[in-house]
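Single-letter residue listing:
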Amino acid sequence: MDRYNFKSVEEKWQKLWKKEKVFSTKLDKTKKKFYCLEMFPYPSGKIHMGHVRNYTIGDVLARFKTLQGYNVLHPMGWDSFGMPAENAARQNNLDPKTWTELNIKTMRSQLKKLGLSIDWDKEISTCSEDYYKHQQKFFLELYDKGLVYRKENYVNWDPIDETVLANEQVVDGKGWRSGAIVERKKLNQWFFNISKFSEELLQGLETLDQWPNKVKVMQKNWIGKSFGCEVEFKVESEKPIESIKCYTTRPDTLFGFSFLALSVDHPLAKYYEDDRKFQDFRDECSKSGTTEESIASAEKLGFKTDMIAVNPLDKNMKVPVYFANFVLMDYGLGAVFGCPAHDQRDLDFAKKYNLKITAVVKPEKDKDFEINNEAYTGDGFLYNSNFLDGLKVPNESVVKTIEFLEKNNLGKKKINYRLKDWGISRQRYWGCPIPIAYDENDQPIKIPIEMLPVKLPEIDKLSSTGNPLDTENEWKYFILDGKKYRRETDTLDTFVDSSWYFLRFCSPYNTNHGFTQEEVDYWMPVDQYIGGVEHAILHLLYSRFFMQAISHKNETFKLKEPFNGLFTQGMVCHETYKDQNNKWLSPEEVSSEDGKKFFKKNNPLEKIIVGPTESMSKSKKNTIDPESIIKNYGADSVRLFILSDSPPEKDVQWSDQGMLASFRFVQKLWILNSKVLEKVRNTDETNEGENLTKFTNQLIYKVTQNLEKFHYNVIIANFYEMYNFLIKEIEKPIKKEILAENYKKILILMNPFIPHFSAECLSNINEEKINWPSISKEELVEEEINFVVQINGKKRAILKVNRGIDENSILDKIKLNIGTEKLLHNQKIKKTIFVSNRLINIIL
RNA sequence: GCCCUCGUGGUGAAAUUGGUAGACACAACGGACUUAAAAUCCGUGCCUUUUUGGAGUGCCAGUUCGAGUCUGGCCGAGGGCACCA
């Protein structure tokens, strides 16, 4: 018997699929559509196991839906703008474009070897002009709708590299490359007004019932809706300041008022700018503002002003006003009223500056209560609060206080959101140019549509400091209608690129517009989106915002939610290894005989320290290269393994043994295939085959159900069961038509998982047009069932009986059956619980 | 600190949603074939002296004829957010 030659079979089918354009899809309104999308990759160089897992999960679904008769859109593209290209360019003296295109070429061919059912004719790349010219149009469209604006904002500034750093590039307060201490610097930047849609984005989550709850909760917290009130405090001061407004969710604690605190960026700071001490204080605040740890552990600091604030509920209650480092300008109104008894930060602050601490909420109405080192934020009742005394905290007290404040013109009910506007300016070269220019007075103008796209200039060598576009004077300046203009030299955040690519996939050939409405109407929304949970907030929220922004003031575009279903897959993990010098080692550099003790391959005397299993990463060297695995075992085996061990939403541990087992399984399936073909050829006369038909029906049912639920690991187990069953069953007499018919169905069930193998075997039995097998529930019904007998709730026996047996017959059977009869010990039956076709519980 | 998720054999995990716990696979051990090894195939797996016995899904209670599954408390692991007023 010949071995299964995966190499020639896989090559053969991949060629055929390409030649016959099997996976290319067209708009076809007579067919139901299914849009299956996996998050497109960043072309970093080579594909990794995470990609293999992501795209295999998606491919299984796409092939399954195709077999079910859907018109399936399953495209692939490249998220190809971004910093690594610039870094690589600086290191290797290659321009970012060449580097990126080389990577795309490599990764495309690697993905093709996986045998994915991708419509490669629809491939897109965000760094191509064909793509980003449409993005520039969207930018201008949003500009016209008032959803884009410019304002000064703080950035992480690296003074050595003279560049802006992303938050994740700031390590311990220092620039990741230069090591310089990062400064806070104010720059003029472009923003998308995402917060305008806070409520819509929050409400929209309710409609996404095919999203993981976890992701929805994360987005909900990110948007951070809160109910409260704006309160106006009269101010006494030598300066021309009349009042200060604060936002609070706890107006009911106003009688615990002890100070008022402003952000150093508050507009009123202008009255103190000349004060040397205030300047020092502000500098101190901006220094500690960059790292997360410093924020968490920072001491509460304040700068006392000459202002005195008056409690709107009690004119005699006057408190000092501070600037404080813990008040943020970009939330609420940049000013808070301090109630130390019921807010921990306020308590810390009050203790430091010896401010009054008055408790106004107590947990129990009739008991005394005292505040020590912990603020009380729980439920209870108001006291020490004049006319508010006795109100129930929080609901009644908050509502009543707001009512009072509104009635007396002292405050206003207000809903606030934590969600901030999206800063989209990046001081980098390798991104989409912002289609804006500035006139001599620094006023922005839109680049006229006919001048789009604003192309990136070709740059011979990227300098190591500053924004590369800033020094491209030939590109930077241009004359329009006799006037000189200066281009915007910032480029767009790459998250903008990925916020609408799923629309582009619907009409990648449209050269005039980003998408064709008719095609978007047909294909969108994405029915199933698949990717890593690390994009739970930003990418997914930004994409949702884009739909809001495009449909805003738009009569034809109605879509609000881009992704109907979302699935977040787990990561691929591997053990980590270090040598005696604490250096990371890759799995290829170590060997082991017993799987417990590991040694260096080139030095078998050196012991290896085996570290914890972690997600594969280059820095820890615990990666397995998919290309060599595909080469050694074949795409089908890799696909099988990556799906077999763990449920797709959980992390999976890479295991060489597991990989080998999957490989052997495919070989065993090939042997089974040969046996089946031989059996079908021989001419035994028999009518047997009911067992096989029943088994196949059950398999169809299980596999279909599990596919809908993403329980792919269970399906692989179902296939092992199928093998174990059929390899024995084939030794018994079976009518050849029955065998052929059932076996064909089994091959189709396996098709989404091991498509090359399945296609090869199906072609051997001349099956070309294939459809997903269906069954009716009645076909699943077994005549003979296992019936469980419990005594006092414990399983005591299993009886083989006919379906539909009633309680009395089963009791008779128990009494007749020597053995089970003994179980009753001649005791009287107190009660029985009978579950039809399943069990009987006898209480003695 | 707040929010979310999860705890099942040596390991990865199944369990028709309250009804036979551990399917399927990896690893281990025993056996068959072989001169030998690899590959392949068969079998074993907690406790008790055999069994149609007992215990058993992180721990402690509860609901129920019946709990891995539901409720409350505790312990542990992972993830997200973090001066958001």
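Values in this document were obtained by computation on a predicted structure and should not be read as measured data.

1. Some remarks on the nonpolar core
In a soluble, globular protein the nonpolar side chains are often hidden away together inside.
Phase 1 of the analysis: Ranked by size, the top nonpolar core spans 83 residues in total, and within it W654, Y712 and F757 carry the most contacts.
Phase 2 of the analysis: Among the elements that line this core, the one with the most residues is helix α2 (residues 49-67), at 9 residues.
Phase 3 of the analysis: The residues touching F757, leaving out its near neighbours within four places in the chain, are Y4, D636, V666, L669, W670, L747 and M750.
Phase 4 of the analysis: I434, I447, W475 and Y485 belong to the second-largest nonpolar core, a separate cluster that totals 79 residues.

2. Regarding the sheet that holds strand β2 (residues 71-73)
Phase 1 of the analysis: Taking strand neighbours across the sheet as the criterion, the 4 strands line up as β2-β1-β27-β28 in an open arrangement whose pairing is parallel. The strands lining the two open edges of the sheet, one partner per strand, are β2 and β28 (566-569). Ignoring strand direction, the axes of neighbouring strands in this sheet form an average angle of 20°.
Phase 2 of the analysis: Taken together, the 4 bridges between strand β27 (residues 528-532) and β28 define a ladder with parallel strand orientation. Counted as the bridge partner of G531 is T568 from β28.
Phase 3 of the analysis: On top of the sheet, α2 reaches β1 (33-38), β2, β27 and β28; it is set at about 175° to β1, its chief contact.

3. Overview of empty space enclosed by the protein
Phase 1 of the analysis: Tallied over the full model, the rule gives 4 cavities of 30 Å³ or more.
Phase 2 of the analysis: Its boundaries defined by the atoms lining it, the largest cavity holds a volume of some 70 Å³.
Phase 3 of the analysis: Along the walls of the largest cavity sit 11 residues, with R90, T163, R177, R428 and G466 positioned nearest its centre.
Phase 4 of the analysis: Across the lining of the largest cavity, the residue classes tally to 1 nonpolar, 5 polar and 5 charged.

4. Observations concerning unusual backbone geometry
Phase 1 of the analysis: Cis peptide bonds are those with omega within 30 degrees of zero, and the linkage from V393 to P394 qualifies with 5°.
Phase 2 of the analysis: By secondary structure assignment, the location of P394 is in the loop between β18 (392-393) and α11 (395-407).
Phase 3 of the analysis: Of note, the bond from M524 into P525 is cis; its omega dihedral lies within 30 degrees of zero at 0°.
Phase 4 of the analysis: Tracing the sequence through the fold places P525 in the loop between α15 (517-523) and β27.
Phase 5 of the analysis: In this structure, N837 takes a positive phi of about 60° despite not being glycine.
Phase 6 of the analysis: By relative accessible area, which is 23% here, N837 ends up partly exposed.

5. Comments concerning the sheet that holds strand β6 (residues 163-165)
Phase 1 of the analysis: Spatially, β6-β5-β9-β20 is the arrangement adopted by the 4 strands of the open sheet, whose pairing is antiparallel. If you trace the sheet from one side to the other, it starts and ends with β6 and β20 (422-423), each paired once.
Phase 2 of the analysis: Across the sheet, helix α5 (residues 129-144) is in contact with β5 (148-158) and β9 (183-192); its angle to β9 comes to roughly 85°.

6. A word on the packing of aromatic side chains
Phase 1 of the analysis: With the rule as written, the count across this model stands at 63 aromatic pairs.
Phase 2 of the analysis: Each ring, one from F255 and one from F387, has its centre 6.0 Å from the other, and the planes form 85°; the classification is edge-to-face. Here F255, found in the loop between β11 (243-248) and β12 (259-262), pairs with F387, found in the loop between β17 (380-382) and β18; they are 132 residues apart in sequence, far enough to count as distant.
Phase 3 of the analysis: Classification of F387 by relative accessible area gives partly exposed; the value is 42%.
Phase 4 of the analysis: Look at F719 and F753: their rings are 5.4 Å apart centre to centre, the planes differ by 80°, and that puts the pair in the edge-to-face class. One end of the pair, F719, is in helix α21 (residues 712-729); the other, F753, is in the loop between α22 (736-750) and α23 (755-764), and 34 residues separate them in sequence. Like F753, F719 is buried.
Phase 5 of the analysis: Positioned over the ring face of F191 is K151, at 4.8 Å from the centre of the ring.
Phase 6 of the analysis: When the ring centre of Y477 is taken as reference, the NZ or CZ atom of K484 above it lies at 4.7 Å.

7. Considering the pairing of strand β24 (residues 477-480)
Each regular strand shows side chains that alternate between the opposite faces of the sheet.
Phase 1 of the analysis: Across 4 bridges, the pairing between β24 and strand β25 (residues 483-487) is antiparallel. In the sheet register, F478 faces β25, and the bridge partner there is Y485.
Phase 2 of the analysis: The antiparallel hairpin formed by β24 and β25 contains 2 residues in its connecting segment, where D481 sits at a positive phi of about 50°.

8. Focus: the packing of helix α18 (residues 635-644) against α23
Phase 1 of the analysis: At a minimum axis distance of 7 Å, the contact between α18 and α23 shows a crossing angle of 125°. Between α18 and α23, the angle falls in the class oblique. Side by side, α18 and α23 meet where A635, D636 and R639 of the first sit next to P755, H756 and F757 of the second.
Phase 2 of the analysis: Along the lines of polarity and charge, the residues of the contact of α18 with α23 split into 3 nonpolar, 1 polar and 2 charged.

How each quantity is defined
Residues numbered from 1 in each chain as written. Chains lettered and ligands numbered in written order. Predicted model: local features only at pLDDT ≥ 70, side-chain atom pairs only at ≥ 80, totals over all residues. Heavy atoms only, no water. Core = buried A, V, L, I, M, F, W, Y, C linked by side-chain atoms within 4.5 Å. Buried < 20%, exposed > 50% of the residue type's maximum accessible area, 1.4 Å probe, protein only. Helix = DSSP H or I, 4+ residues; strand = E, 2+ residues; numbered from the N terminus. Contact = heavy atoms within 4.5 Å. Pairing = 2+ DSSP bridges. Axes fitted to C-alpha atoms, helices over the stretch in contact; angles between N-to-C directions. 1 Å grid on protein atoms, 1.4 Å probe; cavity = no way out; pocket = protein on both sides within 12 Å on 5 of 7 lines; lining within 4 Å. Points joined across faces, edges and corners; volume = space filled by probe spheres on them. Nonpolar A, V, L, I, M, F, W, Y, C, P; charged D, E, K, R; others polar. Phe/Tyr/Trp six-rings, centres within 6.5 Å; stacked < 30°, edge-to-face > 60°. Lys NZ or Arg CZ within 6 Å of the ring centre and 35° of its normal. Parallel < 35°, antiparallel > 145°, perpendicular 65-115°, else oblique.

All we've got here are geometric facts, nothing functional implied.
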